[in-house]
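Read off the chains here:
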Amino acid sequence: MTKVSVNRKILVVANPDELSRFAADEFVRQAGQKMQAKGIFTVALSGGSTPRGLYTVLAGDQYRERVPWSKVHLFWSDERCVPPDHPDSNYRMIRELLLNKVPIPKKNIHRMPAEQEDPVHAAMEYEQTIWAFFHPNEGELPRFDLIVLGMGEDGHTASLFPWTSALEETDRLVSANYVEKLNAYRLTLTVPVINQATNVIFLISGESKASVLRDVLEGEYQPQRFPSQIIRPVNGRLLFIVDRMAAGKLARR
Ligand code: 6PG
């Protein structure tokens, strides 16, 4: 796989709170733009502690009213294979931090059916949900307006973990990805559909991410080892919002 030039921007902010505020500002800006353009805003959200900060800010008094929630359609970038009220559920986390606090219609919430016994079936069902919602032109892929991603210390994003089969998926939109180190399946959007998005934002915070962020952004292209490197929107914008601690080992800031 060759490296392609990508419309990539890295924004280094002071701390996690500023990261969440910048991310919320970007979310509001993009939602407003899409409202103007087509009257709907489609976004896929991730789990993890860093993205949590964004959801908390968006549900807060300063931002809640600035998003046209009735026109926002929420999807998930990935999900643990647990029921929606399980402590590990990304849906539960986002419901508690955001969905319970903003006036988003239930019909606009497109949860991954990760409680299903068969994760492969669940992935196929969610894939159908995405196709049916976007119904793109023949030969085109569904195109999210925004996908919000975190990045793990191992360079994973969504549930695209190093050396896992989902990294090779080129046809499906959603994969049931067995992650050996977790001894568990995860549902995840695949590389093709993430790279089809108009905007992809990574939210990365903390010293523990400094080495892997340097490897991902400035190191050799090793997509199996650093799956976040595979995220390169084919015709969209890639924005890394990182705090100073996470950016601490970057040569170029
Ligand atoms: C998940 C997430 C995952 C997360 C990263 C970053 O289900 O855990 O989707 O991809 O975003 O692991 O998480 P932190 O921000 O907590 O490091």
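Relevant structure appears above.
The rules behind the values
Residues numbered from 1 in each chain as written. Predicted model: local features only at pLDDT ≥ 70, side-chain atom pairs only at ≥ 80, totals over all residues. Heavy atoms only, no water. Pairing = 2+ DSSP bridges. Helix = DSSP H or I, 4+ residues; strand = E, 2+ residues; numbered from the N terminus. Axes fitted to C-alpha atoms, helices over the stretch in contact; angles between N-to-C directions. Contact = heavy atoms within 4.5 Å. Near = heavy atom within 4 Å. Polar contact = N/O pair within 3.5 Å; in protein donor to acceptor, adjacent residues only side chain to side chain. Areas by Shrake-Rupley, 256 points an atom, 1.4 Å probe, with all protein chains shown as cover. 1 Å grid on protein atoms, 1.4 Å probe; cavity = no way out; pocket = protein on both sides within 12 Å on 5 of 7 lines; lining within 4 Å. Sits in = over half its atoms within 2 Å of the grid points. Nonpolar A, V, L, I, M, F, W, Y, C, P; charged D, E, K, R; others polar.

**Quick look at the sheet that holds strand S1 (residues 7-13)**
Then, number 1: With respect to topology, six strands assemble into an open sheet ordered S1-S9-S8-S5-S2-S3, the strand pairing being parallel. In this open sheet, the two strands that pair with only one neighbour each are S1 and strand S3 (72-76). Sheet twist, expressed as the mean angle between neighbouring strand axes with direction ignored, is 20°.
Then, number 2: Sheet topology note: the strand S8 (residues 199-204)/strand S9 (residues 237-243) ladder contains six bridges and is parallel. Bridge pairing in S9 links Val200 to Leu238.
Then, number 3: Strand contacts of helix H1 (residues 16-38): S1, strand S2 (41-45), strand S5 (146-149), S8 and S9, with the helix running at about 155° to S9, the strand carrying the most contacts.
Then, number 4: Its contacts with the sheet put helix H6 (residues 210-218) on S1, S8 and S9, and the angle it makes with S9 is roughly 155°.

**Quick look at the site of the ligand**
Then, number 1: The environment of the ligand is made up of 17 residues, and the closest members are Ser49, Thr50, Arg80, Ala158 and Lys209.
Then, number 2: Measuring from an oxygen atom of the ligand, one finds a side-chain N or O atom of Thr50 at 2.7 Å.
Then, number 3: Starting from 410 Å² of accessible surface for the ligand in isolation, the protein chains cover 88%.
Then, number 4: Most atoms of the ligand, that is more than half of them, are within 2 Å of grid points of the largest pocket.
Then, number 5: Contributions of two or more residues to the shell around the ligand are made by helix H2 (49-58) and strand S4 (78-80).
Then, number 6: Take the shell around the ligand: its biggest share by element is three residues, from H2.
Then, number 7: Residues that form the shell around the ligand fall into these classes: three nonpolar, 10 polar and four charged.

What is shown is where atoms sit, not what they do.
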